[in-house]
Amino acid sequence: MSRSTLRLTVAQALVRFLAVQYTERDGVRHRLIAGTWGIFGHGNVAGLGQALLEAGEETMPFHQGRNEQAMVHAAVGYARQLDRLSAQAVTTSIGPGATNLVTGAALATINRIPVLLLPGDYFATRAADPLLQQLEHPVEADVSVNDTLRPVSRYFDRIHRPEALIPSALNAMRVLADPVDTGAVTLALPQDVQAEAYDWPEEFFAERIWHVRRPAPEQAELAAAVEAVRGSRRPLIVAGGGVHHSEAEQALKAFVDATGIPVASTQAGKGSLRHDHPADVGGIGHTGTAVADDLARTADLVIGVGTRYSDFTTASGTLFQEPGVRFVNLNVAAFDAHKLSARTLVADARAGLEALTEALCGHRVDEAYEAEYRAGKERWEQIVDSVYRADDEHAVPTQTQVLGALDAVVGDDDVVINAAGSLPGDLHKLWRARSPRQYHLEYGYSCMGYEIPAGIGVQQAAPGTPVWSLVGDGTYLMMPTEIVTAVQEGLPVNLVLIQNHGYASIGGLSESVGAERFGTAYRYRVWGSPRTKSGGGSFTGDPLPVDLAANAASLGMDVLRAKTVGELRHALATARASDRPTCVYVETDPTPSSPGAEAWWDVPVAEVASREAATSARATYEQQVADRRRHL
């Protein structure tokens, strides 16, 4: 019996296949690959480039990028906004275009966000060998630069023959749609194979739906978790990004309303409860609030929901100090559920919380415990009010006053994006998240340059949503290129650009570990001997005369310069009302204004040194590290 076939190139077949893949969860369908980002070169222009042109925008929307890493960031922002139910692809040529994907791929995989990477590769036939930009390995001839993507991909394959695309493409979709396995998926495409024709079975192009599971907890695990909760006096929930990914916010609220257990949040989990819920005690860990960290130190049971327990969350193993503290981890991934020797509840976050709520019917924490954490929350809110407040309209704003001014402007559905520098700490401690998607912090990889392209991805996923990309000058200089894309696509991303003359966050860290802010300021070099330029030199001169606002304007953004608190408030309101990409540029008062760290973070200090700053920092380090414990 003969089968019906279509004769297409490998690239044409791949595009057609991707256009008919869908996810489904709770009866709602989403297109799995909703568009493709690309920069073309000899490794993909005649293959995927031609295929995308032939398919047309209705079949596969195409987005033109300026930097390959940034294209992955945009795709990650898009997928995160849509709870990982829809993703985008990124195609590049071979060589530097492909290796530029590595940082973005690492970010996606660490944060468990789906993105499909389609880099070009060498000739499978070796007809042209070596070709332009091909890596030659003296003993492993099948190695290419795309192999750098292996350790940062959840699935990797190189398509040496047309028919190999069929099982590989199906596996790629399986991984992208799986909440446990998802991350970056790489299909390396030799450029001659991309253009090669093959008779494809029509079934390959049939519409396919990938069901996104909500696994329920196993009864024995559920019973053990319930026993642990009932036996605890001071339980604390740590809400991670899995709460958002599974759309479990309402289930978490119902669980908390029923039990009175307080909720602290990781960077990825902030917004799991609305900020004004009486049980929301804010961020936890090194950048957490005083009330959350105090509760963590005395908790006898920690209930992790969708968290992977990074060192910032656990304060490098020093935060949970109650001698008998135990852990219950609700996570769809067994790998994360087993951390900290926890009792595991391997299940979807929403399904697990619903099961816990039902099984714990009638159970509630002691009234005195509720009164304690509510009082702590009120004290912290007063601190937030004080650092947000700016009474002098003519004063230069501090960084926390910038956040206060933004807080007064945003609506409940605005999205605030950040990833690196000193802002993540301030935001985690101070930001009052009003909706599940408002707080968009990439802190799994904390990648400078993420914010602007991610803002584009969020706008693509949620048209009409006001988006704010917050960056310091160090982050801006890493990757401002996608401003051009925002202008080209007519996406009104709002950029809040804070000029602080260097790597402010690392400068503070450097000082605390005895490195004396070395190499962290954007200043002229001062030489020991001006004539010979010898003596080493140091970056202690005047600030560099870099006009970042002018740079943003040159890339097509509307720019509003704000020198005072009053001008800042006006500029933010103007930006939010605009339908064009707009930059609010503000130079802040460098005086530290944020509350200090409420918990430790382990950054090892030199064990021996000749400088006093380092020896003093080492003594402090040894005191702190003594509090670390392994939870066994």
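Higher on the page you've got the structure.
Residues numbered from 1 in each chain as written. Predicted model: local features only at pLDDT ≥ 70, side-chain atom pairs only at ≥ 80, totals over all residues. Heavy atoms only, no water.

A. Up close: the nonpolar core. Among the nonpolar cores identified, the biggest contains 80 residues, and Ile237, Leu252, Trp431 and Leu470 are the most heavily contacted of them. Counting residues per element, this core draws most heavily on helix H15 (residues 367-388), which supplies six residues. Look past the residues within four positions of Leu470 in its chain and what remains in contact with it is Leu403, Leu406, Val416, Ile417, Asn418, Leu423, Leu427, Glu451 and Val496. (Core = buried A, V, L, I, M, F, W, Y, C linked by side-chain atoms within 4.5 Å. Buried < 20%, exposed > 50% of the residue type's maximum accessible area, 1.4 Å probe, protein only. Helix = DSSP H or I, 4+ residues; strand = E, 2+ residues; numbered from the N terminus. Contact = heavy atoms within 4.5 Å.)

B. Fine view of the sheet that holds strand E3 (residues 28-31). Taken in spatial order, the three strands of this open sheet run E3-E2-E11, and their pairing is mixed. One side of each edge strand has no neighbouring strand; the edge strands of this open sheet are E3 and strand E11 (208-211). Along the sheet, successive strands turn relative to each other by an average axial angle of 35°, direction set aside. Examined bridge by bridge, strand E2 (residues 21-25) and E11 share four bridges and lie parallel to one another. When the sheet's bridge partners are listed, Gln21 is paired in E11 with Arg208. Along the sheet, helix H6 (residues 165-177) makes contact with E2 and E11, crossing E11 at roughly 40°. (Pairing = 2+ DSSP bridges. Axes fitted to C-alpha atoms, helices over the stretch in contact; angles between N-to-C directions.)

C. Spatial organisation of the side chain of Ser144. Along the chain, the position of Ser144 falls in the loop between strand E7 (115-121) and strand E8 (155-158). Here Ser144 is in contact with Asp121, Tyr122, Leu135 and Arg158, once residues within four sequence places are set aside.

D. Inspection of the pairing of strand E16 (residues 326-331) at higher detail. Among the six residues that make up E16, five are buried, leaving the element largely enclosed by the rest of the structure. Two strands pair when backbone bridges link them, and strand E15 (residues 301-305) and E16 are joined in this way by five bridges, in the parallel orientation. What sits directly across from Ile303, in E16, is Val328. Both E16 and strand E17 (residues 343-346) contribute to a ladder of four bridges, which runs parallel. Counterpart to Asn331 in the pairing with E17 is Val346.

E. How the structure looks around the environment of Leu470. Looking at the element boundaries, Leu470 is found in strand E20 (residues 467-472). The class of Leu470 is buried, set by a relative accessible area of 2%. Leu470 sits 27 residues away from Leu497 along the chain, and the two C-alpha atoms are 6.3 Å apart.

F. Summary view of the sheet that holds strand E23 (residues 582-587). Read across the sheet, six strands follow the order E19-E18-E20-E21-E23-E22 without closing on themselves; strand pairing throughout is parallel. Taken across any chain shown, the strands that pair with only one partner, and hence form the sheet edges, are strand E19 (439-441) and strand E22 (558-562). Between one strand axis and the next, the sheet turns by 20° as a mean value, whatever way the strands run. Note: E22 against E23, five bridges, orientation parallel. By the bridge assignment, Arg561 is partnered in E23 with Tyr585. Docked against the sheet, helix H16 (residues 399-409) engages strand E18 (415-418), E20, strand E21 (494-499) and E23, running at close to 175° with respect to E20. Of the strands in this sheet, E18, E19, E20 and E21 touch helix H17 (residues 423-430), which is tilted by about 150° from E19.

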